[in-house]
Amino acid sequence: MSRRWTGLLMTVAVLIVALLVTVTVARRHHLEVRDDFRRYILLSTFGFYAGGVLDVRVSHFRVDPGTEENMFGLSLDKTMSDSMNPYLDSHQDKCILTEPVAVQSNGPIVFFKMDLKQNVVHVSCSKDWQNIHLYKDRSGVPALRSKRQSFAQASDSKMVYMQRRRRAVYHVPESNDFAPAVETADVATVCSKLTLPLEVKKDDMFKYYSFNFAIYVATKNEEGLYNLYFHSCPNYSPNSLYELNFNVDIEENNSGNYLSAGEMPLPALYFMMSVLFFLSGLFWVFILRKSKHPLFKIHYLMGVLVFLKSLSLMFHAINYHFIEVQGEHVEAWAILYYITHLLKGAVLIITIVLIGTGWTFIKHILADKDKKLFMIVIPLQVLANVAEIIIAESDEGDKEYSTWRDIFMLVDLLCCGAILFPVVWSIRHLQEAAGTDGKAAINLRKLKLFRQFYIMIVCYIYFTRIIVILLKITVAFQYAWLDEMFKEMATYVFFVLTGYKFRPVSQHPYFSVHGEDLDDEDDDGEVIFTQSGLSDGISKITNRSQPSSTIASGATLVESHEEERENLISKRESSHEYD
């Protein structure tokens, strides 16, 4: 069985390598939209600090002859958190570009409307967007960045404009000069007169349009989470849908750092968590080597899981480091991360299911129901990890992105629900065995242990799948890394508690003999002790017909051999199949 699953994981790893050969994740996006009928497409979401630059180029936008009157364009809005977009929530049935931008009251937003007849792009801003630092392309931004930052350090944004010579700008000049909205009471009116050139190329059948622009985040007031959308107004009509075909290239950076504001701490976070898991793994190995109590195979599997988690986090940190400095990852490190991430996910599910079924702790042979559960859970977990990898390797604007995201959420929830079944089965089995096999005290203590393990799993799933998501959409954009930190810390706490509860020790607190249990068992003439925290071992037998002096001087201890004891346990539990 192990060879079969090893072969499956290796096959999936090869597929991942093949996927990464053709797809790369980066903060330099290249998206090709082909035969798309969506109303709007999320092109990018990025958190900018002061000094950040957004460079966008739309190219090869194909238009059928006679359809130049249709409305197409981009919208760029700024929010402070990764919550639902307020504009799209209020425009599910109508195109946002058809309304005047001045009426928008949900926050700063800029429209880029393509005029396919006049071959220009009209730029209009809402009244909440105080200053727009718009360039014809990115070539004019670097020379002004240091100058702008030096001005910003000495004064606020209004003083910057006072130091410039005042002039009314109604279009972006060909010389790439800076073209802000002038200092006026009606900023939106001035911004609405800005235009960008729209390049046109023709062939025998279609027209192809291209334009580009760059936006510079000059001051602290302009910081935020920028969301860039492409809108196709004809597709809001249910009777006639327009087929979209275009390319878009986007580059985003924060003063040379290609990570979003909420992602900047992630490389250091992943590295520190990797070191923490590695040291914990070493401590677990030390415990196993020094232990004088019975060790089971599951103990070694738990150690392998911790080291796989450490390697996965290490490669994840390296992957993010290259994205930070280059804008795209190095495929070799990305492949290593995805392989270890896949293996870690599979081993985690296997470990939880094995512990939940009581393998080696309660029984040493997996029942048919347990094997069937593995046949269901492991493929689901592999599919969930593959979906997560495809999501990470895809742009937000891809048609398949939302599909794979939904698949991942559904399969992940199915896996989380499935791993609870073996624990429930074990609890039910122990409840039945507690009243039938004469060892109620031991079975009740095991029952208490597995009930607490069940609660641990539920809390872990609830926190990492629900609480973390709620945290992500509520915190400010620059603190988006907190959801990853709490997720990794919750995983670490879950690993530590699981290792503590199922460690190889004697006199385990969950199997300690209570006074009331001793009294009950003394009535039957037999007291059950435990050799380790997870197995029953030594029996102390007293004969009430003997004199009290004999009982005090030499109560006989019968210690069964480990292998014989395990056989007895297996035979006993084989008679109690799970319902």
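Residues numbered from 1 in each chain as written. Predicted model: local features only at pLDDT ≥ 70, side-chain atom pairs only at ≥ 80, totals over all residues. Heavy atoms only, no water.

**Details of the overall build of the chain**
Working step 1: For the chain, the helix and strand inventory stands at 16 helices and 16 strands.
Working step 2: Residue burial in the chain is summarised as follows: out of 579 residues, 50% are buried.
Working step 3: When the accessible area of the chain is evaluated, it comes to approximately 27500 Å², of which 59% is carbon and sulfur surface. (Helix = DSSP H or I, 4+ residues; strand = E, 2+ residues; numbered from the N terminus. Buried < 20%, exposed > 50% of the residue type's maximum accessible area, 1.4 Å probe, protein only. Areas by Shrake-Rupley, 256 points an atom, 1.4 Å probe, with all protein chains shown as cover.)

**Details of the environment of Val306**
Working step 1: The residue Val306 is located in helix α7 (residues 297-326) in this model.
Working step 2: Separated by 28 residues in the primary sequence, Val306 and Phe278 place their C-alpha atoms 7.1 Å from one another.
Working step 3: Beyond its immediate chain neighbours, meaning those up to four positions away, Val306 contacts Phe277, Ser280, Gly281 and Phe495. (Contact = heavy atoms within 4.5 Å.)

**Looking at the nonpolar core**
Working step 1: Judged by nonpolar contacts, the single largest core of 51 residues is most densely connected at Ile419, Phe453, Ile457 and Phe494.
Working step 2: Mapped onto this core, the elements with two or more residues apiece are α6 (266-290), α7, α8 (331-357), α9 (368-393), α10 (399-418), α11 (420-434), α12 (440-474) and α13 (482-501).
Working step 3: By residue number, the principal contributor to this core is α7, which donates 9 residues.
Working step 4: Not counting residues up to four positions away in its chain, the partners in contact with Phe453 are Ile352, Ile355, Gly356, Val423, Phe494, Thr498 and Phe502. (Core = buried A, V, L, I, M, F, W, Y, C linked by side-chain atoms within 4.5 Å.)

**Remarks on the side chain of Thr340**
Working step 1: Mapped onto the elements, Thr340 comes out in helix α8.
Working step 2: Separated by 2.9 Å, the side chain of Thr340 and the backbone oxygen of Leu336 make a polar contact.
Working step 3: Not counting chain neighbours up to four residues away, the residues in contact with Thr340 comprise Leu311, Ser312 and Phe315. (Polar contact = N/O pair within 3.5 Å; in protein donor to acceptor, adjacent residues only side chain to side chain.)

**A short note on a nonpolar patch on the surface**
Working step 1: Together, Phe271, Met272, Val275, Phe278, Leu279 and Leu282 give the surface a local cluster of nonpolar side chains, amounting to about 560 Å² of exposed area.
Working step 2: As for its placement among the helices and strands, Leu282 is situated in helix α6. (Patch = residues over 30% accessible without salt bridge, like charges linked within 9 Å, V, L, I, M, F, W, Y side chains within 5 Å. Salt bridge = Lys/Arg side-chain N within 4 Å of Asp/Glu carboxyl O.)

**Section: the sheet that holds strand β12 (residues 224-232)**
Working step 1: With antiparallel pairing, 6 strands are arranged side by side in an open sheet as β2-β12-β4-β5-β6-β9. What marks the edges here is a single partner per strand, and that holds for β2 (40-48) and β9 (194-197). Along the sheet, successive strands turn relative to each other by an average axial angle of 20 degrees, direction set aside. (Pairing = 2+ DSSP bridges. Axes fitted to C-alpha atoms, helices over the stretch in contact; angles between N-to-C directions.)

**Describing the packing of aromatic side chains**
Working step 1: Counted by the stated rule, this structure contains 23 aromatic pairs.
Working step 2: Residues Tyr40 and Tyr229 carry aromatic rings whose centres are separated by 6.0 Å and whose planes lie at 70 degrees to one another, so their mutual orientation is edge-to-face. A residue pair is termed long-range when its members are at least 10 positions apart, and Tyr40 in strand β2 and Tyr229 in strand β12 qualify at 189 residues.
Working step 3: With a relative accessible area of 27%, Tyr40 lands in the partly exposed category.
Working step 4: Since its relative accessible area comes to 8%, Tyr229 is described here as buried.
Working step 5: Geometrically, the ring pair formed by Phe453 and Phe502 is edge-to-face, given 5.3 Å between the ring centres and 85 degrees between the ring planes. Taken together, the positions of Phe453 in helix α12 and Phe502 in the loop between α13 and α14 (515-523) put the pair 49 residues apart, joining distant regions of the chain. With respect to burial, Phe453 and Phe502 carry one shared label: buried. (Phe/Tyr/Trp six-rings, centres within 6.5 Å; stacked < 30°, edge-to-face > 60°.)

**Examining the environment of Phe278**
Working step 1: Residue position: Phe278 is located in helix α6.
Working step 2: Classification of Phe278 as partly exposed rests on a relative accessible area of 39%.
Working step 3: Spatially, the C-alpha atom of Phe278 lies 10.0 Å from that of Gly303, the residues being 25 residues apart in sequence.
Working step 4: Apart from residues lying up to four places away in sequence, Phe278 is in contact with Phe307 and Ser310.

**Structural notes on α13**
Working step 1: For α13, with 20 residues, the first-to-last C-alpha span of 28 Å sits near the 28 Å given by 1.5 Å per residue.
Working step 2: Of all the residues in α13, the buried ones are Leu482, Asp483, Glu484, Glu488, Ala490, Thr491, Tyr492, Phe494, Phe495, Thr498, Gly499 and Lys501. (Expected span 1.5 Å × (residues − 1).)

**A word on the pattern of salt bridges**
Working step 1: In the structure shown here, the tally under the stated rule is 9 salt bridges.
Working step 2: Between Glu199 and Arg57 there is a salt bridge, and its shortest N-O distance comes to 3.9 Å. Of this pair, Glu199 sits in strand β10 (residues 199-202) while Arg57 sits in strand β3 (residues 52-63), and the two are 142 residues apart along the sequence.
Working step 3: Residue Glu99 is joined to Lys94 by a salt bridge in which the shortest nitrogen-to-oxygen separation is 2.8 Å.

**Considering the state of the cysteines**
Working step 1: A full pass over the atoms with the stated rule returns 1 disulfide.
Working step 2: Distance from the sulfur of Cys415, which forms no disulfide, to the nearest cysteine sulfur (Cys416) is 6.9 Å.
Working step 3: For Cys416, a relative accessible area of 7% gives the class buried. (Disulfide = S-S within 2.5 Å.)

**A look at the pairing of strand β13 (residues 244-254)**
Working step 1: Among the 11 residues in β13, 10 count as buried, and that is most of the element.
Working step 2: The sheet contact formed by β3 and β13 spans 8 bridges and is antiparallel. Bridging from a neighbouring strand, Arg57 pairs with Asp249 of β13.

**A word on the pairing of β3**
On any regular strand, side chains alternate: one points to one face of the sheet, the next to the other face.
Working step 1: Counted residue by residue, β3 has 10 buried out of 12 residues, so it is predominantly covered.
Working step 2: Two elements, β3 and strand β11 (residues 207-216), share 9 bridges in a ladder whose sense is antiparallel. The residue of β11 that forms the bridge with Val56 is Phe213.

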